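# An overview of the molecular structure
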Amino acid sequence: MEERKTVFDYLAQALILFGLTTAILNVFCLLFGESAKDLSAMFALGNQGLPTEICFQFLVVSFLIAGMRILFFTDVLIKNMAIWLRTLCMLASVILIIAVFAVTFHWFPAGMWQPWAMFFICFGISFLASYLVMAIKEKTDNKKMEDALKRLKKKEGRP
């Protein structure tokens, strides 16, 4: 797993997640805000932006998700768990957190299937994009390590 994280790493992750989420939600407000104004607390201002209370709710969600990432992707509490299981638990936790907030704070109508379908589509696209970025980053990091090892072996005169 990763090296031990500091509180500043946690804050950075939470604030980056909050910034990205807020930007995406503001785009959704511009695109769908007027038509969803009467259906959702999230779009109560129509295409004018996000209500302040929704922003603070998403800030809390961002901190919870960053906490889940620390829980599942470091060895702080969970010592021996396969990476695929950690990822699955993380995904389930994020979906549960968002579902609880969505229902509790009326982000969208709980009884309508269309908002839930849109949520799962957006979540799936975001997950795949994140996965691809992390896979590319890991591949790049592995290549750098491999190149460094080759240089070290060459410097020491080994084949």
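Our structure is the block above this text.
Here we summarise the structure given alongside this text.

Analysis parameters
- Residues numbered from 1 in each chain as written.
- Predicted model: local features only at pLDDT ≥ 70, side-chain atom pairs only at ≥ 80, totals over all residues.
- Heavy atoms only, no water.
- Disulfide = S-S within 2.5 Å.
- Buried < 20%, exposed > 50% of the residue type's maximum accessible area, 1.4 Å probe, protein only.
- Axes fitted to C-alpha atoms, helices over the stretch in contact; angles between N-to-C directions.
- Helix = DSSP H or I, 4+ residues; strand = E, 2+ residues; numbered from the N terminus.
- Parallel < 35°, antiparallel > 145°, perpendicular 65-115°, else oblique.
- Left-handed = near helix turned anticlockwise from the far one by under 90°.
- Contact = heavy atoms within 4.5 Å.
- Nonpolar A, V, L, I, M, F, W, Y, C, P; charged D, E, K, R; others polar.
- Core = buried A, V, L, I, M, F, W, Y, C linked by side-chain atoms within 4.5 Å.
- Salt bridge = Lys/Arg side-chain N within 4 Å of Asp/Glu carboxyl O.
- Expected span 1.5 Å × (residues − 1).

If you walk through the whole model with that rule in mind, you get 0 disulfides. Not engaged in a disulfide, the cysteine Cys29 finds its nearest cysteine sulfur in Cys55; these two sulfurs lie 8.6 Å apart. Exposure remark for Cys29: the relative accessible area of 0% places this residue in the buried category.

The next point concerns the packing of helix α1 (residues 7–36) against helix α2 (residues 52–73). The interhelical angle for the contact between α1 and α2, taken along N-to-C directions, is 135 degrees, at an axis separation of 8 Å. As far as their axial angle goes, α2 and α1 are oblique. α2 is crossed by α1, and the crossing has right-handed handedness. Contacts between α1 and α2 involve Tyr10, Leu11, Gln13, Ala14, Leu15, Leu17, Phe18, Thr21 and Leu25 on the former and, on the latter, Cys55, Phe58, Leu59, Ser62, Phe63, Ile65, Ala66, Gly67, Arg69 and Ile70. Residue composition of the contact of α1 with α2, grouped by class: 14 nonpolar, 4 polar and 1 charged.

Turning our attention to the nonpolar core. In terms of nonpolar packing, the biggest core is built from 24 residues, with Met42, Val61 and Trp107 touching the most fellow members. Setting aside chain neighbours within four positions, we find Met42 in contact with Leu25, Cys29, Gly49, Leu50, Pro51, Ile54, Phe58, His106 and Trp107.

Turning to the environment of Lys137, a few remarks are in order. Looking at the secondary structure, you find Lys137 in helix α4 (residues 113–155). Residues Lys137 and Leu45, spaced 92 residues apart in sequence, show a C-alpha to C-alpha distance of 38 Å.

Scanning the entire structure with this criterion turns up 4 salt bridges. Residue Asp141 pairs with Lys137 through a salt bridge whose shortest N-O separation is 2.9 Å. In this pair, Asp141 and Lys137 are both assigned in helix α4, 4 residues apart and thus about one turn of the helix distant. Accessibility expressed as a relative area gives 44% for Lys137, which makes it partly exposed. Notably, a salt bridge pairs Lys150 with Glu146, separated by 3.5 Å at the nearest N-O pair. Separated by 4 residues within a single helix, Lys150 and Glu146 lie in helix α4, roughly one turn from each other.

This part covers α4. With 43 residues, α4 extends 62 Å from end C-alpha to end C-alpha; this agrees with the ideal 63 Å at 1.5 Å per step. Those residues of α4 not exposed but buried are Pro115, Trp116, Phe119 and Phe123. On its buried face, α4 is in contact with α3 (83–104).

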